[in-house]
Amino acid sequence: MMLRENEVLLLWLPTEPIGEADWPKLRRLLDEAERARADRFHFERDRQVYTAAHALLRGTLSELTGRAPQDWRFEVGEHGKPEAIRRPGEPPLRVNISHTRGLAAVAVTLGREVGVDVEWLERDNAILNIAGRYFAPAECAYLLSRPAAEATDTFFAFWTLKEAYIKAVGKGLSLPLDAFAFTLDPLAVSFVPPIEDDPASWQFQRFRPGPAHVAALGVRQPAEAPLEVTARPAGLDALLALAG
Ligand SMILES: CC(C)(COP(=O)(O)OP(=O)(O)OC[C@H]1O[C@@H](n2cnc3c(N)ncnc32)[C@H](O)[C@@H]1OP(=O)(O)O)[C@@H](O)C(=O)NCCC(=O)NCCS
């Protein structure tokens with residue numbers, strides 16, 4: 001597998017089809033620190049989705065370079081964003097992962113800042129409270145203007161897009177979430193101070209990996225160079241094969 005210059009790879013892995021015998025194999029793709037962290041989760045389902053996300057991340061990096069999954073090391077930015085440390089001769093891969101109930105995802109680019117967010121639609125959410133607290137005024141107004149039947153989808157569209165942006169820039173919740181706003185149709189972003197950023201330097205896309213999940217992807221790349229997005233379910237068998 002190779003990435004083309006403008007290509008973004010987005011892979012998702014549902015945890016539901018992963019069998020009992022597969023988990024130890026996926027765990028084998030992790031490094032020591034990740035295994036220890038996996039062991040600290042209180043709930044099995046959290047351990048599993050964490051393991052799936054990190055196995056998918058390492059497996060994907062390995063398929064793109066040929067380096068063993070367990071060999072990858074990451075450096076963590078000031079606000080917690082991990083970046084893969086490359087060796088001389090390896091492509092400048094940039095990555096981001098996301099996990100939610102039942103689904104893990106990884107996004108990879110060649111050198112572009114990238115953020116991905118996946119969410120489980122059935123998560124119990126006080127939608128209007130959260131929107132009122134975190135969203136930009138225009139996003140709240142749009143959400144309130146939609147029919148009730150669309151509220152959940154609209155809410156999670158904004159939520160995943162906002163997360164994709166803050167995860168791409170790597171600054172996490174140190175960025176004020178109401179200082180940038182999305183419109184959904186057409187899909188676009190705008191910024192107000194204190195965020196100094198240029199909407200023309202970003203491309204975003206939304207995805208529906210399954211009936212209960214949504215995802216959003218953000219990549220810092222000007223629209224003049226359209227992204228070639230390859231978005232698909234990850235091959236579980238290929239990942240398991242990497243574990244030997
Ligand atoms: C930490 C944060 C970056 C993402 O959190 P999240 O949505 O709960 O989690 P996700 O599963 O999407 O992403 C987690 C992964 O992102 C990566 N990550 C951690 N900090 C990051 C950062 N500052 N920037 C980008 N990626 C980051 C890590 O790989 C992490 O996985 P790991 O903990 O298994 O190593 C941050 O945005 C956050 O805490 N959000 C809370 C949710 C919220 O209130 N959102 C309001 C939305 S409108």
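Residues numbered from 1 in each chain as written. Predicted model: local features only at pLDDT ≥ 70, side-chain atom pairs only at ≥ 80, totals over all residues. Heavy atoms only, no water.

## Let's talk about the sheet that holds strand 4 (residues 93–100)
The cut-off we apply is this: The criterion for strand pairing is that DSSP finds at least two bridges linking the strands in question. Each helix corresponds to a stretch of at least 4 residues labelled H or I by DSSP, and each strand to a stretch of at least 2 residues labelled E; elements are numbered beginning at the N terminus. Angles shown run from 0 to 180 degrees and are taken between the N-to-C directions of axes, each axis being a line fitted to C-alpha atoms and, for helices, limited to the stretch in contact. Two residues form a contact once any of their heavy atoms are found within 4.5 Å.
Strand order across the open sheet formed by 4 strands is 4-5-1-11, with mixed pairing between neighbours. Looking at the sheet topology across the chains shown, the edges are occupied by strand 4 and strand 11 (228–233). Between one strand axis and the next, the sheet turns by 15° as a mean value, whatever way the strands run. Running at roughly 160° to strand 4, helix 3 (residues 44–65) makes contact with strand 1 (7–14), strand 4 and strand 5 (103–110) of the sheet.

## Looking at the UniProt feature "domain: 4'-phosphopantetheinyl transferase" (unreviewed entry) in the protein
Stated formally: UniProt positions are given in the numbering used here, feature names are shortened, and annotations may be inferred rather than shown by experiment.
This chain's UniProt record puts "domain: 4'-phosphopantetheinyl transferase" (unreviewed entry) on residues 114–208. Secondary structure across residues 114–208 divides into 38% helix and 25% strand, with the first and last C-alpha atoms of the span separated by 18 Å.

## Re the nonpolar core
To be explicit about the condition: Side-chain atoms within 4.5 Å are what join buried Ala, Val, Leu, Ile, Met, Phe, Trp, Tyr and Cys residues into a set we call a nonpolar core. The buried label goes to any residue with under 20% of its type's maximum accessible area, the exposed label to any with over 50%, and the partly exposed label to all in between, with areas taken from a 1.4 Å probe on protein chains only.
In this structure, Leu13, Leu26 and Val108 are the most contacted members of the largest nonpolar core, which totals 33 residues. For this core, the element with the most residues is helix 3, which contributes 9 residues. For Leu13, the residues in contact, after removing those within four places along its chain, are Ile18, Ala52, Leu56, Gly102, Leu103, Ala104, Ala234, Leu236 and Leu239. Counting residues in each nonpolar core, the second largest holds 31 residues, with Ala131, Phe156, Ala168 and Trp202 among its members.

## Re the environment of Ala238
Within the secondary structure, Ala238 is located in helix 7 (residues 236–242). When the C-alpha atoms of Ala238 and Gly59 are compared, they prove to be 8.6 Å apart, with 179 residues separating the residues in sequence.

## Thoughts on the pairing of strand 7 (residues 180–184)
Two faces belong to every sheet, and in a regular strand the side chains alternate between them. Burial analysis of strand 7 places 4 of its 5 residues in the buried class, which makes it a mostly covered element. Relative to strand 8 (residues 187–191), strand 7 is paired through 5 bridges, and the arrangement is antiparallel. Following the sheet pairing, Thr183 is matched in strand 8 by Ala188.

## Let's talk about the packing of helix 4 (residues 127–134) against helix 6 (residues 151–169)
In a packed pair of helices, the relevant descriptors are the angle between the two axes and the axis-to-axis distance. For the record, the criterion: For a crossing to be left-handed, the near helix must be turned anticlockwise from the far one by less than a right angle; the clockwise case is right-handed. Residues are grouped as follows: nonpolar covers Ala, Val, Leu, Ile, Met, Phe, Trp, Tyr, Cys and Pro; charged covers Asp, Glu, Lys and Arg; every other residue, Gly included, is treated as polar.
With their axes 11 Å apart at the nearest point, helix 4 and helix 6 run at an angle of 35° to one another. Regarding helix 4 and helix 6, the two cross each other, and that crossing is left-handed. Touching Ile127, Ile130, Ala131 and Tyr134 of helix 4 are Ala151, Thr152, Phe155, Trp159 and Lys162, all from helix 6. Tallied by class, the residues present in the contact of helix 4 with helix 6 amount to 7 nonpolar, 1 polar and 1 charged.

## With respect to the site of the ligand
Here is the rule: Nearness here has a simple test: a residue counts as near a molecule or strand if at least one of its heavy atoms is within 4 Å of that partner. Polar contacts here mean pairs of N or O atoms no more than 3.5 Å apart (in protein, one a potential hydrogen donor and the other a potential acceptor; neighbouring residues in sequence count only if both atoms are side-chain atoms).
The environment of the ligand is made up of 21 residues, and the closest members are His54, Ser98, His99, Glu163 and Lys167. One nitrogen or oxygen atom from the side chain of His54 is found 2.7 Å from an oxygen atom belonging to the ligand. Ser98 has a polar side-chain atom sitting 2.7 Å from an oxygen atom of the ligand. Looking at the shell around the ligand, the elements with two or more residues in it are helix 3, strand 4 and helix 6. Residue classes in the shell around the ligand are distributed as 8 nonpolar, 8 polar and 5 charged.

## Considerations on the pairing of strand 4
The element strand 4 is extensively covered by neighbouring structure, given that 6 of its 8 residues are classed as buried. As paired strands, strand 4 and strand 5 are joined by 8 bridges and run antiparallel to one another. Across the sheet, Leu93 pairs through a bridge with Leu110, a residue of strand 5. Counted along the chain from strand 4 to the antiparallel partner strand 5, the turn is 2 residues long, and its residue Gly102 has a positive phi close to 85°.

## Things to note about the pattern of salt bridges
Note the cut-off: A pairing counts as a salt bridge when a side-chain nitrogen of Lys or Arg comes within 4 Å of a carboxyl oxygen of Asp or Glu.
Summed over all chains, the structure comprises 17 salt bridges. As a salt-bridge pair, Arg67 and Glu90 come within 2.8 Å of each other at their nearest N and O atoms. You can see Arg67 sitting in the loop between helix 3 and strand 2 (74–76) and its partner Glu90 sitting in the loop between strand 3 (82–84) and strand 4, a full 23 residues away along the chain. Linking Glu119 and Arg123 is a salt bridge whose minimum nitrogen-to-oxygen distance equals 2.9 Å. We classify Glu119 as buried; its relative accessible area is 5%. By relative accessible area, Arg123 is classed as partly exposed at 34%. In this structure, a network of salt bridges that share partners links the residues Asp31, Glu34, Arg58 and Arg73.

## Considering the packing of helix 2 (residues 32–39) against helix 3
Note the cut-off: Roughly parallel here means an angle under 35 degrees, roughly antiparallel means over 145, roughly perpendicular means 65 to 115, and every remaining angle is called oblique.
Where helix 2 meets helix 3, the closest approach of the two axes is 9 Å, and the angle between their N-to-C directions is 160°. Our classification of the angle between helix 2 and helix 3 gives roughly antiparallel. Of the two elements, helix 2 crosses helix 3, and the hand of that crossing is right-handed. Here helix 2 contributes Glu34, Arg37, Ala38 and Asp39 to the contact with helix 3, which in turn contributes Arg47, Tyr50, Thr51, His54 and Arg58. Broken down by class, the residue content of the contact of helix 2 with helix 3 amounts to 2 nonpolar, 2 polar and 5 charged.

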